[in-house]
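# What the coordinates show
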Amino acid sequence: MRKTLLAASIVAAFAVPSASYAQASAAAPASPHTVTGNVGLFTDYRFRGISQTFKQPALQGGFDYSHASGLYLGTWASNVTGSLANGPSYTGGNLEWDMYGGYKWEPAKDLTLDVGGLYYYYPDARYGVATRDKYDNFELYLGASYKWLSAKYSVTTTDYFGTKTNTYGAYCGLRSDGVTAGANCATAAPGGSKGSGYLDLTGTFEIGDKLNLIGHIGHQSVKNYGRLSYTDYKLGLTKEWAGFTWGASIIGTDADKDWWRAVKVEGGGNRKVKDPGDTSIVLSISKTF
């Protein structure tokens, strides 16, 4: 009995300071800094509706930092295709590395505004032309979200992913058999594409326990290159389960097939042709930590 009372006294003596410490810790102010990471596996990397991986899987991930003031910075990366003879391909490189930053604020309840910039970097990738132009691209954007609806407009301050006379002058596109579409050509000197814009409208609806329905429509306008302009759409579901977010989406575009067609030359000189803007289903599994 005495041993029991002594043990209880010792436990109580140490428990009181521990409780006080816990209360002090709970009262400590929350840090204004937040850092999160994300990683995901996708059956295709669709950028604004167009496949960047020849309709093959993509591994993606990034990190985000935000401050209580509204300032934020982030970086994100994905594999891309760097070996196509034509189409959405980054010759000599197989990585897209994005860097971005901006400022968010809430001028009214449930309304958030967002302004920032985004740089798309493709290490070692160059167009297969004499001038060896880069694909790198920089955009400024302004966004707004209200409850379940968000809107965002992005505009390039560089040529749109290197689109200019050196890289697209007199380009004619390709037919479905991979042969040049001679009746669908650009002028010999169409100029640059600075000032190209993308409008993004997205709605996210919670339809069940951690189950969301996502609808999206966007329009990409490429200055001086009307045949590259198009509208894309997406309808998908996401579900949080077992610590992961699972997704399935129907994604497509009305992009000019001749101008966006992708061709891969395989062994023996065989040409494999795909339409990267076609409607298809994309599956995903991702994790935020």
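Anyway, here's the lowdown on the structure attached to this text.

Cut-offs and rules
- Residues numbered from 1 in each chain as written.
- Predicted model: local features only at pLDDT ≥ 70, side-chain atom pairs only at ≥ 80, totals over all residues.
- Heavy atoms only, no water.
- Helix = DSSP H or I, 4+ residues; strand = E, 2+ residues; numbered from the N terminus.
- Rg over C-alpha atoms; globule rule 2.2 N^0.38 Å.
- Buried < 20%, exposed > 50% of the residue type's maximum accessible area, 1.4 Å probe, protein only.
- Areas by Shrake-Rupley, 256 points an atom, 1.4 Å probe, with all protein chains shown as cover.
- Lys, Arg positive; Asp, Glu negative; His and termini not counted.
- Charge placed at Lys NZ, Arg CZ, Asp CG, Glu CD.
- Contact = heavy atoms within 4.5 Å.
- Disulfide = S-S within 2.5 Å.
- Core = buried A, V, L, I, M, F, W, Y, C linked by side-chain atoms within 4.5 Å.
- Pairing = 2+ DSSP bridges.
- Axes fitted to C-alpha atoms, helices over the stretch in contact; angles between N-to-C directions.
- Salt bridge = Lys/Arg side-chain N within 4 Å of Asp/Glu carboxyl O.

This brings us to the overall build of the protein. Helix and strand counts for the protein come out as three helices and 16 strands. Relative to its length of 289 residues, the protein is extended, with a C-alpha radius of gyration of 25 Å against a globular reference of 19 Å. Dimensions of the protein along its principal axes, counting C-alpha atoms only, are 100 × 45 × 40 Å. Evaluated residue by residue, the protein yields a buried proportion of 35% over its 289 residues. When the accessible area of the protein is evaluated, it comes to approximately 15,900 Å², of which 63% is carbon and sulfur surface. Looking at the protein, you have 27 positive and 24 negative side-chain charges, and the mean spots of the two groups are 5 Å apart.

Before going further, it helps to examine the environment of L41. If you trace the backbone, L41 turns up in strand β1 (residues 33-42). Relative accessible area serves as the criterion here: at 45%, L41 is assigned to the partly exposed category. The spatial distance from the C-alpha of L41 to the C-alpha of G208 is 24 Å, given a sequence separation of 167 residues. With sequence-adjacent residues up to four places away left out, L41 is seen in contact with A58, L59, L283, S284 and I285.

Before going further, it helps to examine the state of the cysteines. On inspection of all chains with the given rule, the structure shows one disulfide. Through a disulfide, C172 is tied to C185; the S-S separation comes to 1.8 Å. Between C172 and C185, the S-S torsion sits near 95 degrees, and that sign places the bridge as right-handed. Residue C172 is located in the loop between α2 (165-168) and β10 (197-208), and its partner C185 is located in the loop between α2 and β10; the two are separated by 13 residues in the primary sequence. The class of C172 is buried, set by a relative accessible area of 13%. The exposure class of C185 is partly exposed, given its relative accessible area of 25%.

Quick look at the nonpolar core now. Within the largest apolar cluster, 29 residues are counted, with the highest numbers of intra-cluster contacts made by Y122, Y168, L228 and W259. For this core, the secondary structure elements donating two or more residues are β5 (71-79), β7 (111-121) and α3 (257-260). With near-sequence residues (within four places) excluded, Y168 lies in contact with Y127, T163, A186, P190, Y225, L228 and W259.

A few words now on the sheet that holds strand β16 (residues 280-288). Reading around the circumference, β1-β4-β5-β6-β7-β8-β9-β10-β11-β12-β13-β16 is the order of the twelve strands in this closed barrel, with antiparallel pairing throughout. Averaged over all adjacent pairs, the angle separating strand axes in this sheet is 20 degrees, with direction ignored. In the sheet, strand β11 (residues 211-221) pairs with strand β12 (residues 230-241) via ten bridges, with the strands oriented antiparallel. Its bridge partner being in β12, Q220 is matched across the sheet by Y230.

Here we take up the pattern of salt bridges. Taken as a whole and assessed by the stated rule, the structure comprises eight salt bridges. For the salt bridge of R46 with D44, the shortest nitrogen-to-oxygen distance reads 2.9 Å. According to the relative accessible area criterion, D44 is buried, its value standing at 5%. A cluster of three or more residues bridged by salt bridges with shared partners is formed by D258, R261 and D275.

Along the chain, the position of I207 falls in strand β10. Sequence separation between I207 and G74 is 133 residues, and the spatial gap between their C-alpha atoms is 30 Å. Those residues in contact with I207 that lie beyond four places of it in its chain are L213 and L237.

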